2 protein chains.
Amino acid sequence: MLNRVRSAVAHLVSSGGASPPRPKSPDLPSTTSAPLAAAPETPKSPPARPRSESGASAKTVETRASFSRPTFLQLSPGGLRRADDHAGRAVQSPPDRGRRLPWSTGYAEVINAGKSRHNEDQACCEVVYVEGRRSVTGAPREPSQSQGLCFYYWGLFDGHAGGGAAEMASRLLHRHIREQLKDLVEILQDPSPPPLCLPGTSGTPGCSDSTHLIGPQSCWSSQKEVTHESLVVGAIENAFQLMDEQMARERERRGHQVEGGCCALVVVYLLGKVYVANAGDSRAIIVRNGEIIPMSREFTPETERQRLQLLGFLKPELLGGEFTHLEFPRRVQPKELGQRMLYRDQNMTGWAYKKIELEDLRFPLVCGEGKKARVMATIGVTRGLGDHNLKVCSSTLPIKPFLSCFPEVRVYDLTQYEHCPDDVLVLGTDGLWDVTNDCEVAATVDRVLSAYEPNDPSRYTALAQALVLGARGTPRDRGWRLPNNKLGSGDDISVFVIPLGGPGSYS
Amino acid sequence: MLNRVRSAVAHLVSSGGASPPRPKSPDLPSTTSAPLAAAPETPKSPPARPRSESGASAKTVETRASFSRPTFLQLSPGGLRRADDHAGRAVQSPPDRGRRLPWSTGYAEVINAGKSRHNEDQACCEVVYVEGRRSVTGAPREPSQSQGLCFYYWGLFDGHAGGGAAEMASRLLHRHIREQLKDLVEILQDPSPPPLCLPGTSGTPGCSDSTHLIGPQSCWSSQKEVTHESLVVGAIENAFQLMDEQMARERERRGHQVEGGCCALVVVYLLGKVYVANAGDSRAIIVRNGEIIPMSREFTPETERQRLQLLGFLKPELLGGEFTHLEFPRRVQPKELGQRMLYRDQNMTGWAYKKIELEDLRFPLVCGEGKKARVMATIGVTRGLGDHNLKVCSSTLPIKPFLSCFPEVRVYDLTQYEHCPDDVLVLGTDGLWDVTNDCEVAATVDRVLSAYEPNDPSRYTALAQALVLGARGTPRDRGWRLPNNKLGSGDDISVFVIPLGGPGSYS
């Protein structure tokens, strides 16, 4: 699965006209100073069905090298080589000099110990300006009306089976989110509840939110209240799907493939709220006054067993006659035909015995435990982007139908609590969490931050580095080992530390 | 939906030979003294696939009257008439004299205020003896080996669209659980982990739990550990399914139908652990030292929206061209074609706008909020037993495919905590919970129990009565009203109060 990937990554072209005004901020990452390229084609109207087409059109500008690191690391060619060195595994962070990441965010990463040719993690940190596409009345917005919105964005992308998907997502996902938010600019700034119905693109008159309805429908006596927050959640969810669809199109449309897939863990800060969207096995926690607040959960063959089994049960053609949707505690052997073995069906959380029949000898759709759990004996994460060409080993059976590109989004209201400089949101790829846990991370947060002045903006980078180093360990006894002599993580490790009440201003 | 039901209820016939030895207990409810009828046919071997056939064969012994109440209420014909009186709504409890329910369980119920002809709730409380069907080696058990198991059982069944399903479930579900446990008697009494594989019914030799496996299967390096607890959970889950299948068979096989469906909330106490299985919108909470421990969650069109929408998306034929799997905040009107309305798809928790197309004018699969939420504009609960003949209003479209008969099972280890006589497990149908909440119930627990001596066994019945009365209210201003003048529950209300550390002995 850990193929070397030569992927060409498409650069997204903004669908707006001229470059929109960008907010001036001393915290702006250097990457955001690059202009969002001018549109080569007529601005598209927003999609009626977000899933059927992308509002963010793609155009390949260049075929990229097979190895790149986040631009905010500002790596020289020599630095890039050091970052790519499996033997040294030097921890990488943005340079101390120059502009800091927004909110004085800390970041650190390290390459794997040799499990793949390159570091397949990618990261992105941006301040994104959203210009309203049109007013609620459907009329195009006048420039004078352009009171746009700004959101802060952090993303971690853990690639597998190649680095293409992670790299593409790190460059484009926030732009898909921006596209989705363009229609919401005016609505999100209006304190009244969002309108349930808007005029069409052709400027047909708007509709009233009348509750006078057709036919017998006692369950419709009132209309559902939809919050601003749920609009942002919906925008992020659809952006994930559009990103995934773009990867599929790139693969079909052009000679080059977007190889592999990636987990995506994304944070959006907008209008006082932090949205944490996770699709995969990365993890986000808030450490606030020593307390741990989980902000994500992992999507694996174990946690999503019932969803996967249900799909296999409802759509047996997806199993290709090679797999059974039933789960067994170990592989069934031919000589056990007619005997009774423990099993779980899609509706069960408990186990029961069943008589083994011929079709039970097929390989189970879901098998294994912990880090060894797999879907179709192949992949250990069940949500993420890409993987459109992932097949079962020695087979043409596609695995993608069982994978979901939809994140779970959790919302944290920053205004509901007075945060201190030691309160942080920690994002890490599984390279971090495989060898540590929430409590140990919280202890490291306390230990490292208390060694720095509260207003020292470098403390969050120091913390990110400490977390990465603590998970990597040091070379000893022919391996990377932790102080307790257990093996350190041999995976790529990437960590963001986002201060919630630190010196970075976000008001 | 609230049809008058004339249902004939089948009586289950034990598949064992002679009546098994019953435990002698002063707590045994009078209903359990009825002999479990002798088997008229050869004992069946346990089913290889529990879902394909029932180990508990059914035989109609009599056609029952359309109205019955739990036998443990010991109602005279006059008492039965009073229990059926919508005007008086007298609270019913087991008589103070004679045998108490096991553990001195409290129970109270009241009929609805007229929404259906009879009380469609049913209840059951039993001590059930499980005789092992055979030994782990597959050999039939010798009578001398018959160290069976006993479980305590409480069940609340809230019927809808007729009382047949609730009545049938109240008489038979615990027997299905017993059938499922028969194969596990020896395994559950053996402290070593359950064997993954057992010899077949034909007595073929048992298999070793070898991890030597065929083919490339790195995810199978170890076998999964299965606990005794998860075997009991699996047994309860399969018993629910078999009960549901039996209802379907009864309907097809005989002239009479099992009308309607029912929610089922069931408690099994076995070997130190309390298993709470819920399919529907009843609720169970533990009140322990004033603290509330939720032991169930409700399954409604709102809580199961994504499961329902996914099913409609994957199997659009189930929507019959009449419904759309998309959710809208209110009904879409034909004049709104081409405009943009908020919607949610099966993968979304947030909302987004979409252009309204022709198929969006179909009625949504899921609509409404709170108690008015409906699947296919018809039913407000999404799990339960029965409903095999439930159709969409003015249509032949079946709703059953969207309903699940599988409960969620939560486990509470009674041995992990020293319980006092005021610690109770409260079960209530939605008639209770529609007008009260966990905190108010906990306050009533405290208030009522503190008015009685800790060793007074009648205190739990008094508590159940207080809970039912508190939800029913008193007749005032042309309605049943609570002290705060809000409307009381006009639904059937049934409550069990199970003491966890009371005078009832369960050791």
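No experiment lies behind these values; they were computed from the predicted model shown.

Q: Tell me what's going on with the overall build of chain A, and back it up with residues and numbers.
A: What chain A contains, in helices and strands, is eight helices and 22 strands. The proportion of buried residues among the 507 residues of chain A is 61%. Sequence separation of 24 or more characterises 72% of the internal contacts of chain A that already satisfy a separation of 6 or more. Carbon and sulfur atoms make up 51% of the accessible area of chain A, which totals about 19,600 Å².

Q: Any details on the domain arrangement of chain A? Residues and values, ideally.
A: For chain A, the assigned domains are domain 1 (71–130 + 148–191 + 228–299 + 404–499) and domain 2 (305–380). Its C-alpha centre places domain 1 of chain A at a distance of 34 Å from the equivalent point of domain 2 of chain A.

Q: Describe unusual backbone geometry, with residues and values.
A: Here A:Asp477, not a glycine, exhibits a phi torsion of approximately 50°, which is positive. Relative to the elements of secondary structure, A:Asp477 occurs in the loop between strand 20 (474–475) and strand 21 (480–481). With a phi angle near 50°, B:Met376 is a residue other than glycine that sits in the positive phi range. Counting through the fold element by element, B:Met376 comes out in the loop between strand 16 (374–375) and strand 17 (385–386). Given the relative accessible area of 0%, B:Met376 is considered buried.

Q: Break down the pairing of strand 9 (residues 283–288) of chain B for me, with residues and values.
A: It is a general feature of regular strands that their side chains alternate between the two faces of the sheet. Residue and element names in this part refer to chain B. In terms of burial, strand 9 is a largely internal element, six of the six residues being buried. Of the two faces of strand 9, the one lined by Arg283, Ile285 and Val287 and the one lined by Ala284, Ile286 and Arg288 are each fully buried. Where strand 9 and strand 19 (residues 424–428) come together, five bridges link them in antiparallel fashion. Each bridged residue has a counterpart across the sheet, and for Ile286 the counterpart in strand 19 is Leu425. As defined by bridge partners, strand 9 adjoins strand 10 (residues 291–294) across four bridges and the pair is classed as antiparallel. The partner of Ile286 across the bridge, within strand 10, is Ile293. Taken together, strand 9 and the strand that follows it, strand 10, pair antiparallel across an intervening segment of two residues, in which Asn289 is found at a positive phi of about 55°.

Q: Please provide a residue-by-residue account of helix 8 (residues 459–472) of chain B, values included.
A: Residues and elements named next belong to chain B. Its 14 residues give helix 8 an end-to-end C-alpha distance of 20 Å, which sits within 8% of 20 Å, the value for a rise of 1.5 Å per residue. Of all the 14 residues making up helix 8, ten are buried; the element is thus mostly covered by neighbouring parts of the structure. Residues of helix 8 that are buried: Arg459, Tyr460, Thr461, Ala462, Leu463, Ala464, Leu467, Val468, Ala471 and Arg472. Gly473 lies just past helix 8 and shows a positive phi near 80°.

Q: Tell me what's going on with the sheet that holds strand 22 (residues 493–499) of chain B, and back it up with residues and numbers.
A: Residue and element names in this part refer to chain B. Within the open sheet, the five strands sit side by side as 3-22-19-9-10. Their pairing is antiparallel. Single-partner strands in this sheet number two, and they are strand 3 (106–110) and strand 10. Strand-to-strand, the axes of this sheet are offset by a mean angle of 20°, without reference to chain direction. Inspection of the sheet shows strand 3 paired to strand 22 by five bridges, in the antiparallel sense. Paired with Ala108 across the bridge in strand 22 is Val495. Packed on one face of the sheet, helix 7 (residues 438–449) meets strand 9, strand 10 and strand 19 and runs near 50° to strand 9.

Q: Would you mind going over the packing of helix 7 of chain B against helix 8 of chain B in detail, with residue names and values included?
A: Any two packed helices are characterised by how steeply their axes cross, that is the angle between the axes, and by the distance between the axes. Residues and elements named next belong to chain B. Closest axis-to-axis distance for the helix 7/helix 8 pair is 10 Å, and the angle between their directions is 140°. When the axis of helix 7 is compared with that of helix 8, the two are oblique. Here the hand of the crossing between helix 7 and helix 8 comes out right-handed. Seen from helix 7, the contacting residues are Val441, Thr444, Val445, Val448 and Leu449; seen from helix 8, they are Arg459, Tyr460, Ala462, Leu463, Ala466 and Leu467.

Q: Tell me what's going on with helix 5 (residues 305–314) of chain A, and back it up with residues and numbers.
A: Two residues of an α-helix separated by three or four positions point the same way, owing to the 3.6 residues in each turn. Among all positions of helix 5 of chain A, only A:Arg305, A:Leu308, A:Gln309, A:Leu311, A:Gly312 and A:Leu314 are buried. Looking at the packing, one finds that the buried side of helix 5 of chain A touches strand 15 (366–367) and strand 16 (374–375) of chain A together with helix 5 (305–314) of chain B.

Q: Break down the pattern of salt bridges for me, with residues and values.
A: Enumeration over the complete set of coordinates arrives at 54 salt bridges over all chains. A salt bridge links A:Asp84 to A:Arg117; the shortest N-O distance between them is 3.6 Å. With a gap of 33 residues between them, A:Asp84 in the loop between helix 1 (77–83) and strand 3 (106–110) and A:Arg117 in the loop between strand 3 and strand 4 (121–130) connect regions that are remote in the sequence. Note on A:Arg117: relative accessible area 41%, which makes it partly exposed. Linking B:Asp360 and B:Lys354 is a salt bridge whose minimum nitrogen-to-oxygen distance equals 2.5 Å. Relative accessible area serves as the criterion here: at 1%, B:Asp360 is assigned to the buried category.

Q: Outline the pairing of strand 3 of chain B, supporting the account with residue identities and numerical values.
A: The element strand 3 of chain B is largely enclosed, with a buried count of five among its five residues. The side-chain alternation of strand 3 of chain B yields two buried faces, one formed by B:Gly106, B:Ala108 and B:Val110 and the other by B:Tyr107 and B:Glu109.

Q: Can you break down the packing of aromatic side chains residue by residue, with the values?
A: What the rule picks out here adds up to 20 aromatic pairs over all chains. Note on A:Phe72 and A:Phe496: the rings are 6.1 Å apart at their centroids and 45° apart in plane angle, and the pair reads as tilted. Of the two residues, A:Phe72 sits in the loop between strand 2 (58–59) and helix 1 while A:Phe496 sits in strand 22 (residues 493–499), which places them 424 residues apart along the sequence. On the basis of relative accessibility, which here comes to 0%, the residue A:Phe496 falls in the buried class. Their ring planes at 25° and their centres at 6.5 Å tell us that B:Tyr152 and B:Trp154 sit as a pair that is stacked.

Q: Give a description of the sheet that holds strand 3 of chain A that names residues and reports values.
A: Remark on secondary structure: sheet strands pair via backbone hydrogen bonds, oriented parallel or antiparallel. Residue and element names in this part refer to chain A. The five strands lie next to each other as 3-22-19-9-10, forming an open sheet whose pairing is antiparallel. Looking at which strands have only one partner, the edges of the open sheet turn out to be strand 3 and strand 10 (291–294). Pairs of neighbouring strands in the sheet enclose a mean axial angle of 20°, with direction left out of account. Sitting on the sheet, helix 7 (residues 438–449) touches strand 9 (283–288), strand 10 and strand 19 (424–428), and the angle it makes with strand 9 is about 50°.

Q: Give me the environment of B:Leu172: which residues, what numbers.
A: Residues and elements named next belong to chain B. With respect to the element layout, Leu172 can be found in helix 2 (residues 164–182). For Leu172, a relative accessible area of 1% puts it in the buried group. Put simply, Leu172 and Cys124 are 48 residues apart on the chain and 9.6 Å apart in space, counted from C-alpha to C-alpha.

Q: Can you lay out the environment of B:Met348 for me, pointing to particular residues and giving the numbers?
A: Looking at where B:Met348 falls in the secondary structure, it is placed in the loop between strand 12 (340–343) and strand 13 (352–355). The class for B:Met348 is buried, based on a relative accessible area of 0%. For B:Met348 and B:Arg410, which are 62 residues apart along the polypeptide, the C-alpha to C-alpha distance reads 27 Å. If we ignore the near neighbours within four places in the chain, the residues touching B:Met348 are A:Gly234, A:Glu237, A:Asn238, A:Phe406, B:Arg305, B:Gln306 and B:Tyr343.

Q: Mind laying out the state of the cysteines, listing which residues take part and the relevant values?
A: Residues and elements named next belong to chain B. Per the stated rule, a full pass over the model turns up zero disulfides over all chains. Of the cysteine sulfurs around Cys150, a residue in no disulfide, the closest is that of Cys125, at 12 Å. With no disulfide of its own, Cys263 lies 7.2 Å from the sulfur of Cys262, the closest cysteine sulfur.

Q: Pulling in residues and values, what's your account of the confidence of the model for chain A?
A: Residues and elements named next belong to chain A. Summarising the model, chain A shows a mean pLDDT of 83, and 78% of its residues fall at 70 or more. Every residue in residues 1–65 scores below 50 in pLDDT, and together they form 160 contacts with partners more than four places removed in sequence or on other chains. Throughout residues 503–507 the model reports pLDDT below 50, and contacts reaching past four residues in sequence, or to other chains, amount to 16 contacts. The complex prediction reports pTM at 0.84, with the ipTM value standing at 0.83.

Rules of the game
- Residues numbered from 1 in each chain as written.
- Chains lettered and ligands numbered in written order.
- Predicted model: local features only at pLDDT ≥ 70, side-chain atom pairs only at ≥ 80, totals over all residues.
- Heavy atoms only, no water.
- Helix = DSSP H or I, 4+ residues; strand = E, 2+ residues; numbered from the N terminus.
- Buried < 20%, exposed > 50% of the residue type's maximum accessible area, 1.4 Å probe, protein only.
- Contact = heavy atoms within 4.5 Å.
- Areas by Shrake-Rupley, 256 points an atom, 1.4 Å probe, with all protein chains shown as cover.
- Domains from an automatic or database assignment.
- Pairing = 2+ DSSP bridges.
- Expected span 1.5 Å × (residues − 1).
- Axes fitted to C-alpha atoms, helices over the stretch in contact; angles between N-to-C directions.
- Parallel < 35°, antiparallel > 145°, perpendicular 65-115°, else oblique.
- Left-handed = near helix turned anticlockwise from the far one by under 90°.
- Salt bridge = Lys/Arg side-chain N within 4 Å of Asp/Glu carboxyl O.
- Phe/Tyr/Trp six-rings, centres within 6.5 Å; stacked < 30°, edge-to-face > 60°.
- Disulfide = S-S within 2.5 Å.
- pLDDT = per-residue confidence, 0-100.

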